[in-house]
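As a plain string of letters, each chain reads:
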Amino acid sequence: MEAKMGRFFESVGNFFTGGDNIPWCDRDIIAGCERELADAATEEQRNDSLMRLSWALVHSRQTDDVNRGISMLEASLDNSGGPLQTREKLYLVAVGYYRNGDYSKSRHLVERCLEVYMPDYLASRMPNTVYDFSMSCQSLLPNYNIVKS
């Protein structure tokens, strides 16, 4: 009972402090996915097992596992089955780069996911870039420099 209360208060604390809610995988889950991949009989089972293994790797706490997952996914991007699978792989690569702290590359990949999902989404609905925002501010406030040097 005490352990449940501790987890409850930890989850409430994480909610208010913005704690990390992205799931983590440990080495046991990764080993299970690797066994599943080795036991795959058909090409479809192999592809499904590869996706589960890639998911587990990029959600690992170990940097070498995350890098391995990124490499596997990037290598398989060229032979994706269709837009849905491409989007899923791009998302997982973005998660991997996010876990490694490369936030700009992660954001770029998420934008590519949106392009795959809805090709005209970025052109019509994404917020302005910093440059566009600063230019619009310059036209409204000619003497105000929003971009600090």
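In what follows, the structure referred to is the one given above.
Residues numbered from 1 in each chain as written. Predicted model: local features only at pLDDT ≥ 70, side-chain atom pairs only at ≥ 80, totals over all residues. Heavy atoms only, no water.

## What about the packing of helix 3 (residues 43-58) against helix 5 (residues 83-99)?
1) Next: As a packed pair, helix 3 and helix 5 sit with axes 9 Å apart at the nearest point and diverge in direction by 20°. One way to sum up the angle between helix 3 and helix 5 is to call them roughly parallel. In this structure, helix 3 meets helix 5 at a crossing whose hand is left-handed. Facing helix 3, whose interface residues are Met 51, Trp 55 and Val 58, helix 5 presents Gln 85, Glu 88, Lys 89, Leu 92, Val 95, Gly 96 and Arg 99.
2) Next: By residue class, the composition of the contact of helix 3 with helix 5 is 5 nonpolar, 2 polar and 3 charged. (Axes fitted to C-alpha atoms, helices over the stretch in contact; angles between N-to-C directions. Helix = DSSP H or I, 4+ residues; strand = E, 2+ residues; numbered from the N terminus. Parallel < 35°, antiparallel > 145°, perpendicular 65-115°, else oblique. Left-handed = near helix turned anticlockwise from the far one by under 90°. Contact = heavy atoms within 4.5 Å. Nonpolar A, V, L, I, M, F, W, Y, C, P; charged D, E, K, R; others polar.)

## With respect to the nonpolar core
1) Next: Ranked by size, the top nonpolar core spans 14 residues in total, and within it Val 58, Ile 70, Leu 73, Val 93 and Leu 109 carry the most contacts.
2) Next: Within the residue set of this core, elements represented by two or more residues are helix 3, helix 4 (63-76), helix 5 and helix 6 (103-117).
3) Next: In terms of residue count, the dominant contributor to this core is helix 5 (6 residues).
4) Next: Setting aside chain neighbours within four positions, we find Val 93 in contact with Ile 70, Leu 73, Glu 74 and Leu 109.
5) Next: Residues Cys 25, Leu 37, Leu 53 and Ala 56 belong to the second largest nonpolar core, which totals 7 residues. (Core = buried A, V, L, I, M, F, W, Y, C linked by side-chain atoms within 4.5 Å. Buried < 20%, exposed > 50% of the residue type's maximum accessible area, 1.4 Å probe, protein only.)

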